[in-house]
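An overview of the molecular structure
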Amino acid sequence: MSQPSFRVSPVTPRIGAEVSGVDLSLPLDDEMVRAIRTALVEHQVLFFRDQDLTLDQHKAFGRRFGALHVHPASPSPEGHPEVLPIHADARSKRVAGEAWHTDVSCDEEPPMASILRLHTVPPCGGDTLFASMFAAYDALSRPMQDFLSGLTAVHSGEHVYRGYYKYAEGQRADSKAAFPQARHPVIRTHPESGRQAIFVNTGFTTHIEGLTRRESDALLQFLYAHCARPEFQVRFRWAPGSIAFWDNRSTQHHAMWDYYPQVRSGYRVTIQGDRPFHRAQESAASRSTVPA
Ligand code: SIN
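Residues numbered from 1 in each chain as written. Predicted model: local features only at pLDDT ≥ 70, side-chain atom pairs only at ≥ 80, totals over all residues. Heavy atoms only, no water.

Attention shifts here to empty space enclosed by the protein. Applying the stated criterion to the full structure yields two cavities of 30 Å³ or more. Taken together, His69, His71, Ser74, Pro75, Ser76, Pro81, Glu82, Val83, Leu84, Arg268 and Thr270 make up the lining of the largest cavity. Among the secondary structure elements, those contributing two or more residues to the lining of the largest cavity are β4 (83-88) and β15 (264-271). Within the lining of the largest cavity, the residues separate by chemical class into four nonpolar, five polar and two charged. (1 Å grid on protein atoms, 1.4 Å probe; cavity = no way out; pocket = protein on both sides within 12 Å on 5 of 7 lines; lining within 4 Å. Points joined across faces, edges and corners; volume = space filled by probe spheres on them. Helix = DSSP H or I, 4+ residues; strand = E, 2+ residues; numbered from the N terminus. Nonpolar A, V, L, I, M, F, W, Y, C, P; charged D, E, K, R; others polar.)

What follows covers unusual backbone geometry. Cis geometry is adopted by the peptide bond preceding Pro261, which originates at Tyr260 and carries an omega value of 5°. Position of Pro261 relative to the elements: it lies in the loop between β14 (251-255) and β15. The backbone of Gln44 shows a phi angle near 75°, a positive value even though the residue is not glycine. Relative to the assigned elements, Gln44 resides in the loop between α1 (30-43) and β3 (45-48). The buried category is assigned to Gln44, whose relative accessible area is 1%. Even without glycine at this site, Val104 takes up a positive phi of about 45°. Assignment of secondary structure puts Val104 in the loop between β4 and β5 (113-120). (Buried < 20%, exposed > 50% of the residue type's maximum accessible area, 1.4 Å probe, protein only.)

The ligand sits among Ile86, Ala96, Gly97, His101, Asp103, Leu116, Thr128, Trp246, His253, Ala255, Arg264 and Arg268. In the model, an oxygen atom of the ligand is placed 2.9 Å from a nitrogen or oxygen of the His101 side chain. Here Arg268 contributes a side-chain N or O atom positioned 2.8 Å from an oxygen atom of the ligand. In a pocket analysis with a 2 Å cut-off to the grid points, the ligand is assigned to the largest pocket. (Near = heavy atom within 4 Å. Polar contact = N/O pair within 3.5 Å; in protein donor to acceptor, adjacent residues only side chain to side chain. Sits in = over half its atoms within 2 Å of the grid points.)

Once that is clear, we can look at the nonpolar core. Among the nonpolar cores identified, the biggest contains 27 residues, and Leu24, Ile36, Leu46, Phe48, Phe61 and Phe245 are the most heavily contacted of them. Once residues within four sequence positions are removed from consideration, Phe48 is found in contact with Val19, Val22, Leu24, Ile36, Phe61, Gly241, Ser242, Ile243 and Phe245. Counting residues in each nonpolar core, the second largest holds 24 residues, with Phe134, Ala136, Tyr137 and Leu148 among its members. (Core = buried A, V, L, I, M, F, W, Y, C linked by side-chain atoms within 4.5 Å. Contact = heavy atoms within 4.5 Å.)

In structure tokens:
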């Protein structure tokens, strides 16, 4: 490995690790990329400090993990369609990501991971909270895991993007067909680790198919409260040049907007993902410990 002081230090037992001893502005060898990817799958969100990256270096780092995603709605800096600006100041009426969500889960193939670097942070506040959807799934009872495992949910971008960005008045035909929408399993299997994760979120999920509206609303409310339990979380305190690299297949996050009217600013590069699927772990019969 070209950077021998590389180190991964868990922040909590369930989610989050600080990574040190690597300069992400330099080209990374395959062994380093494998080590970062392994740490990402295990810890679900990685935190790097003091990373001085241009937009091209930020994109080059992201590309080592897959093709880059272009956001369906947000504007981007000139010449960098794959870069999503994250910015709030005294004129902001809202900020991106200030509710629990998984990035762009309304896409048929939602992003695998996101890499956010902030260059300007408020004197205090502006943390990001991350929650492990592996831990949230593991904490459910077996009958609830089995029930959820047969369900499919609808995720829509319409209520999120209507009126904003490219969907703002006069920017684009505000037709329903233009908004992204997708159906995903409520429990998804992580394609690299095989672990199961809850995959519904307050940002994009509208309902669970096959249930009445009252049943769907009640079940989603239960899952949202369950997923937001503090024991599944890690909270990241930003500094200029910090990076958070999270796995959207196993986490949700929540950007805390508690710093108004201060400025918080940076850029996110997002890596394309694949279609979520659910693979049953083992049948009920093979789980039985009682001899027949
Ligand atoms: C986001 O990517 O959802 C925003 C996260 C943040 O600003 O901390």
